[in-house]
Amino acid sequence: MLCATAPVRAHAASDPALPVLRLKLGWIANVQYAGEWIALNHGLFREQGIDVTWTAGGPNAPDPAVMLAAGRADLSYMSWLPFLDAVARGNDLVLVGTEMPRNPLGIISLPARPVRVPRDLLDLRILAQGINETTSIDAVLAIAGLPRRWTFVPAGFSPDPLLDGQGDAFVGFATNQKLTLEMMGLTQGRDFIFTNFSDMGFVTSAALLVTSRSYLTPNRPQLLAFMRGLMKGWIFNETDPAVAARLVVEQYGEDYGFDLDQQIRQNRIQIPYTHYRDRPSLPLLSLDREMMVGPMYAAARAAGRTTLPDIDRIADFTVVPEALEGI
């Protein structure tokens, strides 16, 4: 977990003749952003007539909503509830896509006290990193009509405290902590159980692409160019998950000391999460209006967000279809 403390740096444009889009990542520069690394390395953004600079995220990185509102970023990744909270505070932000329509966040438990349904969460000591994770647990219980009866145990990003008995369950990602356990030689279903929160009723998308309306309105061509390049990057990524993993280890994330095999495995695991499970025909990066006004708004209400804006005020469903026309 030393990787999470590496310095956050902005990466400069490579072609000063092209218009620049400044991207803020939601996390450190790992293979989660496989589409970006391939698009950057293979010139897919430049092919669309745009240059892209990027700034990594991480535990000590500036808040994405603040960077967008201050004009320090043009596009950023955000999570669903923090996005809604930023809008509620008066920020004129707009969703334009999602890199992971299926959220890989869930809960890891051990065979002695397995968590498979919401009721299994009751009376547990649950290891979690912070407000996003604890809110997710509360929302799962609220949606199921159950009391918020559990104990929060502060934890870092490693699932080791769960194995050490410091808690009964651990909130983590299928693409991160679940993989960590597998890399330790543990087997899902025998040595540990992973249950996705979406399978317990708390349905959200992850890695939401957000911009400000002040950027979107005059700079729509640049945004469309970015989306086209990113789509092509993700399409290429599915043909060989090792390519982006090597780019991370050897170039874009070299400061973090990643293991190549781990990054390849993470990339393979995350690819299904970049597609809608129930609507696989939807293009990459697409927003699903029905999912947003249905289960995602229900999840927000269960998490205490009782006043929600009209979906068309905070999401532009035309960006991805329009970008596709140029591919």
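Above this text you will find the structure in question.
Calculation notes
- Residues numbered from 1 in each chain as written.
- Predicted model: local features only at pLDDT ≥ 70, side-chain atom pairs only at ≥ 80, totals over all residues.
- Heavy atoms only, no water.
- Helix = DSSP H or I, 4+ residues; strand = E, 2+ residues; numbered from the N terminus.
- Rg over C-alpha atoms; globule rule 2.2 N^0.38 Å.
- Buried < 20%, exposed > 50% of the residue type's maximum accessible area, 1.4 Å probe, protein only.
- Areas by Shrake-Rupley, 256 points an atom, 1.4 Å probe, with all protein chains shown as cover.
- Lys, Arg positive; Asp, Glu negative; His and termini not counted.
- Charge placed at Lys NZ, Arg CZ, Asp CG, Glu CD.
- Pairing = 2+ DSSP bridges.
- Phe/Tyr/Trp six-rings, centres within 6.5 Å; stacked < 30°, edge-to-face > 60°.
- Axes fitted to C-alpha atoms, helices over the stretch in contact; angles between N-to-C directions.
- Parallel < 35°, antiparallel > 145°, perpendicular 65-115°, else oblique.
- Contact = heavy atoms within 4.5 Å.
- Nonpolar A, V, L, I, M, F, W, Y, C, P; charged D, E, K, R; others polar.
- 1 Å grid on protein atoms, 1.4 Å probe; cavity = no way out; pocket = protein on both sides within 12 Å on 5 of 7 lines; lining within 4 Å.
- Points joined across faces, edges and corners; volume = space filled by probe spheres on them.
- Core = buried A, V, L, I, M, F, W, Y, C linked by side-chain atoms within 4.5 Å.
- Salt bridge = Lys/Arg side-chain N within 4 Å of Asp/Glu carboxyl O.
- Polar contact = N/O pair within 3.5 Å; in protein donor to acceptor, adjacent residues only side chain to side chain.

Focus on the overall build of the protein
Helices and strands together make up the secondary structure of the protein, namely 14 helices and 11 strands. Over its C-alpha atoms the protein spans a radius of gyration of 19 Å, differing by no more than 12% from the 20 Å that the globule rule assigns to 327 residues. Overall, the protein is about 60 × 45 × 35 Å in size when its C-alpha atoms are taken along their principal axes. Out of the 327 residues in the protein, the part that is buried amounts to 56%. If you sum the accessible surface of the protein, you get close to 13,500 Å²; carbon and sulfur atoms cover 51% of it. Across the protein, the 28 positively charged side chains and the 34 negatively charged ones have centroids separated by 4 Å.

Points about the pairing of strand S11 (residues 206–212)
Burial analysis of S11 places 7 of its 7 residues in the buried class, the great majority of the element. Two strands pair when backbone bridges link them, and strand S4 (residues 75–78) and S11 are joined in this way by 4 bridges, in the antiparallel orientation. What sits directly across from Tyr-77, in S11, is Leu-209. In this structure, strand S5 (residues 93–100) lies alongside S11, joined through 6 bridges in antiparallel fashion. Within S11, the position partnered with Met-100 by the bridge is Ala-206.

Points about the packing of aromatic side chains
Counted by the stated rule, this structure contains 11 aromatic pairs. Taking 6.3 Å as the distance between ring centres and 25° as the angle between the ring planes, the aromatic pair formed by Trp-80 and Phe-83 counts as stacked. In this pair, Trp-80 and Phe-83 both sit in helix H4 (residues 80–88), 3 residues apart, roughly one turn of the helix. Ring centres of Tyr-256 and Phe-258 lie 5.6 Å apart, and the angle between their planes is 40°; on these two criteria the pair is classed as tilted. Each of the two residues, Tyr-256 as well as Phe-258, counts as buried. A network of ring pairs unites the aromatic residues Tyr-33, Trp-37, Trp-54, Tyr-77 and Tyr-252 as a single cluster.

Points about the packing of helix H1 (residues 34–41) against helix H10 (residues 241–252)
Pairs of packed helices are described in terms of their axes, by the angle between the two and the distance that separates them. Where H1 contacts H10, the axes come no closer than 9 Å and their chain directions differ by 75°. When the interaxial angle is binned, H1 and H10 end up roughly perpendicular. The residues of H10 that touch H1, namely those facing Ala-34, Trp-37, Ile-38, Leu-40 and Asn-41, are Val-243, Ala-244, Leu-247, Val-248, Gln-251 and Tyr-252. Looking at the contact of H1 with H10 residue by residue, the class counts come to 9 nonpolar, 2 polar and no charged.

Quick look at empty space enclosed by the protein
The probe, sized like a water molecule, is rolled over the atoms to show the empty space still left. Per the counting criterion, the structure on display carries 1 cavity of 30 Å³ or more. Taken as a whole, the largest cavity spans an internal volume of roughly 40 Å³. Lining of the largest cavity is provided by Asn-103, Leu-105, Ser-136, Asn-196, Phe-197, Ser-198, Phe-202 and Thr-204. Its residues assigned to classes, the lining of the largest cavity shows 3 nonpolar, 5 polar and no charged.

Remarks on the nonpolar core
By size, the foremost hydrophobic cluster in this structure holds 65 residues, and its most contacted members are Leu-23, Trp-37, Trp-54, Phe-226 and Met-227. Each residue touching Trp-37, except ones within four places of it in the same chain, is listed here: Leu-25, Ala-29, Asn-30, Val-31, Trp-54, Leu-247, Val-248 and Tyr-252. In terms of nonpolar packing, the next biggest core, distinct from the first, is built from 50 residues, Ala-86, Val-87, Val-140 and Leu-308 among them.

Description of the pattern of salt bridges
Applying the stated rule across the entire model yields 15 salt bridges. Across the pair Asp-191 and Arg-190 runs a salt bridge whose closest N-O atoms are separated by 2.9 Å. Assessed through its relative accessible area of 23%, Asp-191 is described here as partly exposed. Between Arg-220 and Glu-322 there is a salt bridge, with the nearest N and O atoms lying 3.0 Å from each other. One end of the pair, Arg-220, is in helix H9 (residues 220–237); the other, Glu-322, is in helix H14 (residues 319–324), and 102 residues separate them in sequence. Given the relative accessible area of 30%, Glu-322 is considered partly exposed.

Details of the side chain of Glu-99
Checked against the element boundaries, Glu-99 lands in strand S5. Look at Glu-99: it is buried, it has no salt bridge, and the nearest opposite charge is Lys-24 at 13 Å. Of the polar contacts made by the side chain of Glu-99, one reaches the side chain of Trp-234; its length is 3.0 Å. When residues no more than four places from it in sequence are discounted, the contact partners of Glu-99 are Gln-32, Tyr-33, Glu-36, Tyr-77, Ala-206, Ala-207, Leu-230, Trp-234, Tyr-273, Thr-274 and Leu-285.

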